[in-house]
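Fold and contact review
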Amino acid sequence: MCPAPVSEDLDRGYIIPIGGGEDRVKEMQIHRKFVELSGGEDADIVVIPTASMLEKTGPDYHRIFSDLGAGQVEFLPISRRADCDNPDFAGMLDRATGIFMTGGNQLRLSAILGGTLVAQKIRRRNAEGVPIAGTSAGASIMSEHMIAGGSSNSGPAEGNITLAPGMGLTNAVIIDQHFTQRNRLGRLLTASSYNPFLIGLGVDEDTAAFIGPDNVLEVVGSGTVTVVDANHLTHSSMWDAREGEAISLLGLRLDVLGEGCRYDLIGRLAYPPDEHVAFCTLPVPNDADSA
């Protein structure tokens, strides 16, 4: 799945992967910024709790966003693929000014939403300027290539991750979540070795990467976003490694970004807070919608 094409007179909406475990009680900094981007008191937020098996997930986020002043909050009770063809749900997404995907199991999310009208609507609404946020499993599914599972607490090794097709809101990155808390650097490095063009984003809990229409992300939250750039690898042993064998990756670039730091996904450069971003002038490939 690739991002939907953007009309010349529009900007793509923010894409906001959250590492899970976000503050839902005190400052609620990440949720607050999402509500602001969605229109504040004029926001019409649609929550998709499909990844979760808990019945309280949808109502919990309804409360959170309502308490933060969103004008309208609804959630889609999608638990099977047939639900995705509901015309009422399509209409809710057409009206939405912000869409939020909750945590849970990303394979459940992709198996139910993948290739459906709802998935197409989400990509197209983002191309029309609507911000899309996702936490934990909802963050993983945002990219074209999704980390579906794998080993934590291990170094990079052949076979220590499972990949699956994601929703395709972005084809520039691959995302992992609960990153520092579950020691997932090894599996993100493995994912990056499979396709060094992709930028790996490891997002900590209570932390979000707000990726703007200019392809510059800003870190919001109490943790960090780890950026793995394997584009200039000088050597990789992935291609001939045996199952479970540790792999060599030489020439990697790694940045660890705290709150307020930014990263230019096109120029592949990191910036500290408040420093001017010198945008790369390289041409960006046209998006193609495979829906």
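Our structure's up above, just so we're on the same page.
Since we're looking at a predicted model, the values are computed, not measured. (Residues numbered from 1 in each chain as written. Predicted model: local features only at pLDDT ≥ 70, side-chain atom pairs only at ≥ 80, totals over all residues. Heavy atoms only, no water.)

**Concerning the overall build of the protein chain**
For the protein chain, the count of helices and strands is seven helices and 17 strands. Expressed along its principal axes, the backbone C-alpha trace of the protein chain runs to roughly 50 × 40 × 40 Å. Each of the 291 residues in the protein chain was classed as buried or not, and the buried ones make up 54%. For the protein chain, the distance from the average position of its 22 positive side-chain charges to the average position of its 38 negative side-chain charges is 5 Å. (Helix = DSSP H or I, 4+ residues; strand = E, 2+ residues; numbered from the N terminus. Buried < 20%, exposed > 50% of the residue type's maximum accessible area, 1.4 Å probe, protein only. Lys, Arg positive; Asp, Glu negative; His and termini not counted. Charge placed at Lys NZ, Arg CZ, Asp CG, Glu CD.)

**Section: the sheet that holds strand β9 (residues 199-203)**
Across the sheet, which stays open at both edges, the four strands sit in the order β8-β9-β12-β15 with mixed pairing between neighbours. In the strand order of this sheet, the two ends are held by β8 (173-177) and β15 (253-257), each with one partner. Across the sheet, the axes of successive neighbouring strands diverge by a mean angle of 15°, strand direction being ignored. Here strand β12 (residues 225-229) runs beside β15; their pairing, made up of five bridges, is antiparallel. Bridge pairing links Asp229 to Arg253 in β15. Against the sheet, helix α7 (residues 185-194) contacts β8, β9, β12 and β15, and its axis sits at roughly 35° relative to β12. (Pairing = 2+ DSSP bridges. Axes fitted to C-alpha atoms, helices over the stretch in contact; angles between N-to-C directions. Contact = heavy atoms within 4.5 Å.)

**Section: the environment of Met28**
Within the element layout of this structure, Met28 appears in the loop between β1 (15-18) and α1 (29-37). Through-space distance from the C-alpha of Met28 to that of Gly221 is 9.1 Å; in sequence the pair is 193 residues apart. Those residues in contact with Met28, other than ones at most four positions away along the chain, are Asp23, Ile64 and Leu68.

**Overview of a nonpolar patch on the surface**
Taken together, Leu185, Leu254 and Val256 make up a surface patch of nonpolar side chains, about 240 Å² in accessible area. Structurally, Leu254 can be placed in strand β15. Using a relative accessible area of 42% as the deciding quantity, one classes Leu254 as partly exposed. (Patch = residues over 30% accessible without salt bridge, like charges linked within 9 Å, V, L, I, M, F, W, Y side chains within 5 Å. Areas by Shrake-Rupley, 256 points an atom, 1.4 Å probe, with all protein chains shown as cover. Salt bridge = Lys/Arg side-chain N within 4 Å of Asp/Glu carboxyl O.)

**Comments concerning the pattern of salt bridges**
Proximity of charged atoms lets side chains of opposite charge pair with each other. A complete count under the given rule lists 10 salt bridges for this structure. Of the charged contacts in the structure, one is a salt bridge between Asp176 and Arg184, with a shortest N-O distance of 3.8 Å. Where Glu245 meets Arg242, a salt bridge forms, and the shortest distance between an N and an O atom there is 3.9 Å. On the basis of relative accessibility, which here comes to 29%, the residue Glu245 falls in the partly exposed class. Because the salt bridges share partners, they merge into one network encompassing Asp176, Arg184 and Arg187.

**Some thoughts on the packing of α1 against helix α2 (residues 57-67)**
Relative to each other, α1 and α2 sit at 70°, their axes nearing to 9 Å. Here α1 is positioned roughly perpendicular relative to α2, judged by the angle of their axes. Facing His31, Phe34 and Val35 of α1, the residues of α2 in contact are Tyr61, Ile64 and Phe65. Each residue belonging to the contact of α1 with α2 can be placed in one class, and the counts come to five nonpolar, one polar and no charged. (Parallel < 35°, antiparallel > 145°, perpendicular 65-115°, else oblique. Nonpolar A, V, L, I, M, F, W, Y, C, P; charged D, E, K, R; others polar.)

**Quick look at helix α5 (residues 117-127)**
Within α5, nine of the 11 residues are buried, leaving the element largely enclosed by the surrounding structure. Those residues of α5 that fall on the buried side of the exposure criterion are Val118, Ala119, Gln120, Lys121, Ile122, Arg123, Arg125, Asn126 and Ala127. Residues of α5 that are buried in the fold lie against β1, β2 (44-48), α3 (87-95), β4 (98-101), α4 (106-113) and β5 (132-135). Two residues or fewer past α5, Gly129 is found with a positive phi of approximately 105°.

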